[in-house]
Amino acid sequence: MDALEALRTRRSIGRVKDREVPKELIEKIIEAATWAPNHVKTEPWRFFVLTGDGRKRLGETLAQIAEREMDEPATDEQKKKVEKARNNPFRAPVIIVAAVEPSDNPKVILKEEYAAVNAGVQNMLIAAHALGLGAVWRTGKPCYDREVSNLFGLSEKGEVLGFIYIGYPDMTPPPRKVKPIAEVTTWIDKE
């Protein structure tokens with residue numbers, strides 16, 4: 001699959017089969033992330049691969065965050081939300097947690113460290129697609145909670161930027177429509 005085709009045909013795949021993904025494929029996906037551009041060559045990305053029971057601690061942390069955010073965690077409806085949060089990591093056989101650990105180099109601009117990790121995540125999504133896997137990048141308020149960063153041993157400056165759920169696709173996503181480039185591009189060729 002050529003690069004432009006991969007970019008055009010990649011879709012978020014939220015439903016995947018409960019089937020083991022070979023470690024070699026996950027390593028290729030992570031390697032693709034490490035080729036993303038990053039200023040001052042800081043390589044600020046950190047990745048944590050969760051499989052099998054390794055997803056339980058994340059589920060418990062997400063459940064604690066959900067419970068903490070509730071006014072009345074004792075209601076049946078609230079209990080269902082907590083249980084859903086606890087089970088979220090089990091939606092795919094593999095989760096790659098992508099995080100940033102910003103450099104102390106005074107030449108580094110913090111936003112550029114985040115941009116590098118985000119570019120790495122895009123590379124991961126495209127690599128997963130090219131390898132025949134489905135992937136979706138999930139974030140949301142709990143993702144950025146300090147408890148999640150602490151779970152993965154990140155520094156005070158470090159932060160989780162997303163959960164990439166990966167598996168063999170169990171859905172066919174609808175075609176995607178994007179705005180024509182004329183609507184989002186301004187050509188400036190004169191003063």
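Residues numbered from 1 in each chain as written. Predicted model: local features only at pLDDT ≥ 70, side-chain atom pairs only at ≥ 80, totals over all residues. Heavy atoms only, no water.

### A closer look at the nonpolar core
Core analysis: the largest hydrophobic core is formed by 27 residues, its most contacted members being Ile-26, Ile-29, Phe-47, Ile-96, Leu-133, Ile-164 and Ile-166. Those elements that provide at least two residues to this core are α2 (23-34), β1 (45-51), β2 (94-100), α5 (110-130) and β4 (159-167). Not counting residues up to four positions away in its chain, the partners in contact with Phe-47 are Ile-30, Ala-33, Thr-34, Ile-96, Val-97, Ala-98 and Met-124. With 24 residues, the next largest nonpolar core counts Leu-50, Leu-58, Ala-85 and Ala-99 among its residues. (Core = buried A, V, L, I, M, F, W, Y, C linked by side-chain atoms within 4.5 Å. Buried < 20%, exposed > 50% of the residue type's maximum accessible area, 1.4 Å probe, protein only. Helix = DSSP H or I, 4+ residues; strand = E, 2+ residues; numbered from the N terminus. Contact = heavy atoms within 4.5 Å.)

### Notes on the side chain of Ser-149
Here Ser-149 is to be found in helix α6 (residues 146-151). Since its relative accessible area comes to 1%, Ser-149 is described here as buried. Not counting residues within four places of it along the chain, the set of residues in contact with Ser-149 comprises Leu-154, Gly-158, Glu-159 and Val-160.

### Examining the sheet that holds strand β3 (residues 134-138)
Sheets are built from strands paired through backbone hydrogen bonds, the pairs being either parallel or antiparallel. Here four strands make up an open sheet; going across it, the order is β1-β2-β4-β3 and the pairing antiparallel. With partners counted over all chains shown, the strands left at the sheet margins are β1 and β3, one partner each. Across the sheet, the mean angle separating the axes of adjacent strands is 20° when strand polarity is ignored. For β2 and β4, the ladder comprises seven bridges, and the chain directions are antiparallel. Across the sheet, the residue bridging to Ala-99 is Val-160, located in β4. (Pairing = 2+ DSSP bridges. Axes fitted to C-alpha atoms, helices over the stretch in contact; angles between N-to-C directions.)

### Re the layout of surface pockets
Its volume calculated, the largest pocket comes out at about 310 Å³. Forming the walls of the largest pocket are 16 residues, and the residues nearest its centre are Leu-62, Ala-85, Asn-88, Pro-142 and Cys-143. When contributions to the lining of the largest pocket are tallied by element, the ones reaching two or more residues are α3 (56-68) and β4. Examining the composition of the lining of the largest pocket, we find that three residues originate from one element, α3, more than from any other. Its residues placed into classes, the lining of the largest pocket shows nine nonpolar, two polar and five charged. By volume, the second largest pocket amounts to about 170 Å³. In this structure, the second largest pocket is lined by Leu-7, Arg-8, Arg-10, Arg-11, Gln-122, Leu-125, Arg-176, Lys-177 and Val-178. Going through the elements one at a time, α1 (3-9) and α5 are the ones with two or more residues in the lining of the second largest pocket. (1 Å grid on protein atoms, 1.4 Å probe; cavity = no way out; pocket = protein on both sides within 12 Å on 5 of 7 lines; lining within 4 Å. Points joined across faces, edges and corners; volume = space filled by probe spheres on them. Nonpolar A, V, L, I, M, F, W, Y, C, P; charged D, E, K, R; others polar.)

So far we have only geometry, and geometry alone does not tell us how the molecule works.
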